[in-house]
Amino acid sequence: MTNQSEKFRLMEIGGFLKSSLFLHTLVRLFLFFLILWALSSLVLSFYTNHGQKIVLPNFIGAKIKVAEKKAKSKDFEFIVTDSIYLSGKPGGHVLSQVPVPGSKVKRGRKIYVTVTRYMPDIVLSEHLPVMYGKKLEHMQIELYNLYELRCGVLGYKYDPGPPGHILEIYYKGTLLADAKSKREDIKLYRGDTLGFIVSTTAGGEIEIPSLRCMTLAEAKFLLAASKLEVGKIKLENEEEFSDDNYYIINQSPAAGSGELIKMGEKINLVIQEDLPPDCN
């Protein structure tokens, strides 16, 4: 009896495996697992690509609008952190970026950039440092570091002090500062140029000194200190002399009230042995 029941069960199982119901169930299971595998692959692929790093393009030198459009296509967020005016360069162009070009970053990364400004910064003359009396080469460095101001020499002017020092400062033909005054109401722009009159010890003019009644030695010393030279020396009685203690009785050019002579010029002298009676 038992053998007959087992035989019957095996026949039922064999019949079921050959039935269309089993085949349909098997197909449904296959399709279910196929769809499940496809969905899991899609989710895994999305997750992997979402964290995938890509090479960051170079935006430096590009127009800001073009760079923003290019960054958006890569799902980057573009943030302008600063703008700088550079003389001779057009505004609205990318100067630098962080992260740097070529870095590997994820999509959606924030890109921080600095761009060129269209208009330069305004600099008020009252904020300029004291320039009168300062050495030009030192002031050139300071002005450029502060406001990118450039310096040009308009000319030279005699001054008894050391050469190369600033005597007058001009901006577009307007006097900004000299020994007596300083303008504080002038607007300048970063990157502009200032003009300078600079001190020199050559080519100046001084008042003609009066040498009468001095000894020749005293006159030579005074002329050397005044950057003038001794010209021809003539003895009153045409005799030869060898003593600097002779006295000056005449000179050419003559000293006068406010008369000027150029530095380096010569003054001719007439001398005699005795002190003139009208000299104290």
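None of these values were measured; they are calculated from a predicted model.

Draft legend 1. Geometry of the overall build of the protein chain. Scanning the protein chain for helices and strands turns up five helices and 16 strands. By the burial criterion, 29% of the 280 residues in the protein chain qualify as buried. At a minimum sequence separation of 6, the contacts of the protein chain that also span at least 24 residues come to 73%. Summed over its atoms, the accessible surface of the protein chain is roughly 19,000 Å², and 57% of this surface lies on carbon and sulfur atoms.

Draft legend 2. Fine view of the nonpolar core. Ranked by internal contacts, the top residues of the largest apolar core, which has 19 residues, are L128, M131, L143, L194 and F196. Put simply, the parts of the chain that give this core at least two residues each are α4 (136-147), β8 (166-171), β9 (174-177) and β11 (193-200). Looking at this core, the element that brings in the most residues is α4, giving four residues. Excluding its chain neighbours within four sequence positions, the residues that come into contact with M131 are M139, L143, I166, I169, L194 and F196. Counting 15 residues, the second largest nonpolar core, distinct from the first, contains L216, L223, I261 and M263.

Draft legend 3. Structural context of the sheet that holds strand β14 (residues 247-252). Taken in spatial order, the three strands of this open sheet run β13-β16-β14, and their pairing is mixed. Here the strands that pair on one side only, and so sit at the sheet edges, are β13 (229-235) and β14. Strand after strand, the sheet turns through a mean of 35° between neighbouring axes, direction not considered. Relative to strand β16 (residues 266-272), β14 runs antiparallel, the two being bridged by five bridges. Note that in β16 the partner of S252 across the bridge is N268. Across the sheet, helix α5 (residues 216-225) touches β13, β14 and β16, and the angle it forms with β13 is around 160°.

Draft legend 4. Representation of helix α3 (residues 64-73) in the model. Those residues of α3 that fall on the buried side of the exposure criterion are I64, A67 and A71. Summarising the axial view, the buried residues of α3 lie within an arc of 60°, below the 170-degree limit, and thus occupy one face. Structural note: α3 exposes K65, V66, K69, K72 and S73 on the side pointing more than 90 degrees away from its buried face. Residues of α3 that are buried in the fold lie against β2 (77-84), β3 (94-98) and β5 (110-116). Positive backbone phi, approximately 65°, marks D75, located one or two places after α3.

What counts, and at which threshold
Residues numbered from 1 in each chain as written. Predicted model: local features only at pLDDT ≥ 70, side-chain atom pairs only at ≥ 80, totals over all residues. Heavy atoms only, no water. Helix = DSSP H or I, 4+ residues; strand = E, 2+ residues; numbered from the N terminus. Buried < 20%, exposed > 50% of the residue type's maximum accessible area, 1.4 Å probe, protein only. Contact = heavy atoms within 4.5 Å. Areas by Shrake-Rupley, 256 points an atom, 1.4 Å probe, with all protein chains shown as cover. Core = buried A, V, L, I, M, F, W, Y, C linked by side-chain atoms within 4.5 Å. Pairing = 2+ DSSP bridges. Axes fitted to C-alpha atoms, helices over the stretch in contact; angles between N-to-C directions. Arc of directions from axis to C-beta.

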